[in-house]
Structures are given as structure tokens and as C-alpha cells.
Amino acid sequence: MSNLEREAAPSLCGGRGFVVAEPVRELLSPRRVKLGESSEVRRLLPNLGRRMVGAWCFVDHYGPDDIADEPGMQVPPHPHMGLQTVSWLHEGEVLHRDSTGSLQTIRPRELGLMTSGRAISHSEESPRSHARFLHGAQLWVALPDSHRHTDPRFEHHADLPVVTAPGVTATLILGDLDGATSPGTAYTPIVGADLALTRGTDVRLPLEPDFEYAVLSMSGEAHVDGVPVLPGSMLYLGCGRSELPLRAESDAGLMLLGGEPFDEELIMFWNWIGRTQGEIEQARRDWMEGSRFGEVKGYDGAPLPAPELPPVPLKPRGRVR
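Residues numbered from 1 in each chain as written. Predicted model: local features only at pLDDT ≥ 70, side-chain atom pairs only at ≥ 80, totals over all residues. Heavy atoms only, no water.

### Structural notes on unusual backbone geometry
Excluding glycine, a negative phi dihedral is what most residues carry, and trans is how most peptide bonds are arranged. Between L45 and P46 the backbone carries a cis peptide bond, its omega angle lying at -10°. Looking at where P46 falls in the secondary structure, it is placed in the loop between β4 (39-45) and β5 (56-66). The phi torsion at R109 lies on the positive side, around 60°, for a residue other than glycine. (Helix = DSSP H or I, 4+ residues; strand = E, 2+ residues; numbered from the N terminus.)

Right under this line is the structure:
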């Protein structure tokens, strides 16, 4: 999924200087952003109060949207570099195409993982014949410097590890959780898990004290460490936790996001992550000139043009609040 905002602004991410090294309860409210002509998303990261959670640097929550008489998701070809995209659905389906030749329909609780590496382009759309409802999340993971120039690739994993406890089923999207490991390729110590809780559940989820965490509410009513988290909002939890109390007032869906705090300084502009202004400027030239990022074949429509760069210098910095 692309950042479609035409007035793109740089996001200053990364660095450990502002990592909270103890448990906190910081509720993040979403910013509503139009995605194409018929969709709206709730953007949780980057947020005015929080830029990253581990290597997770971008989180959009969308739906449930009734798209029975609508085209649904329609994101034209656009470029990425220096990151991974994670597509995750609770309802509906999304057709992914990219410049490596991948063509894949992603369905609920299947992992669509695209590693952009040095350069890739892709499109995402609801199939012409699609389910009535579309509900999911789109997330980005920043690649560390040692892997950000890797070859682009796309992975689809329909069979993911599941960890269970009384009243909770955790589908492991990325990384490791309670002895299980996702088949998705990860480049930093990280975790992403989909948690399905039944009404009345009261459990404690094991965590890694060295990781920082956040929980995104997808649906239902749940309390995370005693804090009610409504659908479309996210609770930042900091570090230093060995377990996380969860209580469900109704059937509920949550996403657990975490990882070792990302200690590199980044520039995130539009759909690119780099380290210098020169890298971002070169990426924009390459995309607008039709080089480097390849071609997405089969999409019925023109690619997205890149926004203009801001008049102020782009500088890599650490985490900011």
C-alpha cells in the first residue's frame, strides 16, 4: 500500500535516543487519510507522538468497509525502497502485482510480505469480483543498513504458525513469539502477531523485555494492560515487559507489534526510506524517469507520480516526539 498523500512530508525516524526503556501506556489516536477515491485509512504510524515501534515504521488500519457496490481498494503502481510491506486482512481480498512479476491474491490471515530492498514497484487492488467487506492493516518494516540494498522479492505465506492459550489464538505474522517462528523473512529482531480473543478472556501474553511493543485494536472491546483500546487506535507500551495482560469484554481482534528498538537514523519520504537527501532525490528522479523501479504489468491505469520534495533539507535523525 502506498502513502498517497500529495503533500508528502519527511518523517524523521529511528535512533534509540527517545526509546522509552520502561513500561508505559501511551494511547495513540489515528489520523484519517484518503486512500484513492473510495477508501479512507486510519494512520497510526508515523504519529505525532510516536514514529516507530522496533522496526515497524508505518501502520494503516482500514475498514470494515462495505464495498459491495464500490471498486474497493485501488492503489496504482508506485515505488518502494529500503523497507518491507506487510499486508494483513481480516476480511476481503487484495490482488498484489509487482515489478518482479509477482501476481497474488491475498486473503484473510495470509501474509503478503514484499521486500523492496534497493527498488521495487507494485499495485494493490480489490478484485473486480470481491467480497462485500474489506478490513485489514498495512504495515511497513524499515530495513537495516546491512540489508536495505538487497534484491527485491515477494513472499506469500498462507500457512502461519498459531500459538493458543485459553480464550486467545495468536497467528504469528513475522518474527518469533512463545517459541514459534514465522516463515516470513525478517531482517531485525521483531514480532508481529494477530490476536483473536473470545469474550471474557483474561490472559497474560509472554513478551521479550528487550523489545518495545504496541498493540493495534482491529475490532471488539479489549483492555490492554488495563487500558481500553478501541478499534482503530493503538497503545504504545514501551520496553521492559516480560508479559502483557489482556482482557476481552467482547470477541476482539488485536495486532501485537514489537521488536528491538531500531538504532539507525532514517529519512522516510513518500514511499521511500533512505539515509541521505541525495538518496531520496535520486529515487524520485529514477521513478519519474521510469528507471530502476521496474514495471508493474497488468494493472489497468497509470502509475502514481511522486510528490515534490520539500524546500527544506532532508536530514536523517533519531526518534522524535
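### Describing the sheet that holds strand β20 (residues 222-224)
Across the sheet, 4 strands lie side by side as β18-β23-β20-β21; this open sheet has antiparallel pairing. Only two strands of the sheet have a single partner each, and these edge strands are β18 (202-206) and β21 (227-229). Direction aside, neighbouring strands of the sheet carry axes that sit 30° apart on average. Two strands pair when backbone bridges link them, and β20 and β21 are joined in this way by 3 bridges, in the antiparallel orientation. Across the sheet, residue A222 finds its bridge partner in β21, namely V229. (Pairing = 2+ DSSP bridges. Axes fitted to C-alpha atoms, helices over the stretch in contact; angles between N-to-C directions.)

### Describing the UniProt feature "domain: Pirin C-terminal" (unreviewed entry) in the protein chain
The UniProt entry lists residues 193-292 under the feature "domain: Pirin C-terminal" (unreviewed entry), expressed in the numbering used here. Taken end to end, residues 193-292 is 13% helix and 51% strand, and its two terminal C-alpha atoms sit 33 Å from one another. (UniProt positions renumbered as here; feature names shortened; annotations may be inferred.)

### Some words on the nonpolar core
Ranked by internal contacts, the top residues of the largest apolar core, which has 36 residues, are W56, V86, L139, L174, L216, M234 and M255. Looking at this core, the element that brings in the most residues is strand β12 (residues 133-142), giving 5 residues. Apart from the residues lying within four places of it in its own chain, the contact partners of V86 are W56, L111, G112, L113, A137, Q138, L139, V141, I173 and L174. L195, V215, V224 and L237 belong to the second-largest nonpolar core, a separate cluster that totals 28 residues. (Core = buried A, V, L, I, M, F, W, Y, C linked by side-chain atoms within 4.5 Å. Buried < 20%, exposed > 50% of the residue type's maximum accessible area, 1.4 Å probe, protein only. Contact = heavy atoms within 4.5 Å.)

### Let's talk about the side chain of H78
Looking at the secondary structure, you find H78 in strand β6 (residues 74-80). Looking at H78, the relative accessible area reads 0%, which means it is buried. There is a polar contact of 3.3 Å between the side chain of H78 and the side chain of H80. A distance of 3.0 Å separates a polar atom in the side chain of H78 from a polar atom in the side chain of H122. (Polar contact = N/O pair within 3.5 Å; in protein donor to acceptor, adjacent residues only side chain to side chain.)

### Structural notes on the sheet that holds β6
Read from one edge of the open sheet, 4 strands run β6-β11-β8-β9, paired in antiparallel fashion. Edge positions in the open sheet fall to β6 and β9 (103-106), since each of these has one partner strand only. Mean inter-strand twist for the sheet, computed between neighbouring axes without regard to direction, equals 20°. The sheet contact formed by β6 and strand β11 (residues 120-125) spans 5 bridges and is antiparallel.

### Description of the side chain of T115
Turning to its location among the elements, T115 is positioned in strand β10 (residues 111-115). What makes T115 buried here is its relative accessible area of 0%. At 3.0 Å, the side chain of T115 and the side chain of Q84 are in polar contact. Setting aside chain neighbours within four positions, we find T115 in contact with L83, Q84, I120, L143, T150, D151, P152, R153 and Y187.

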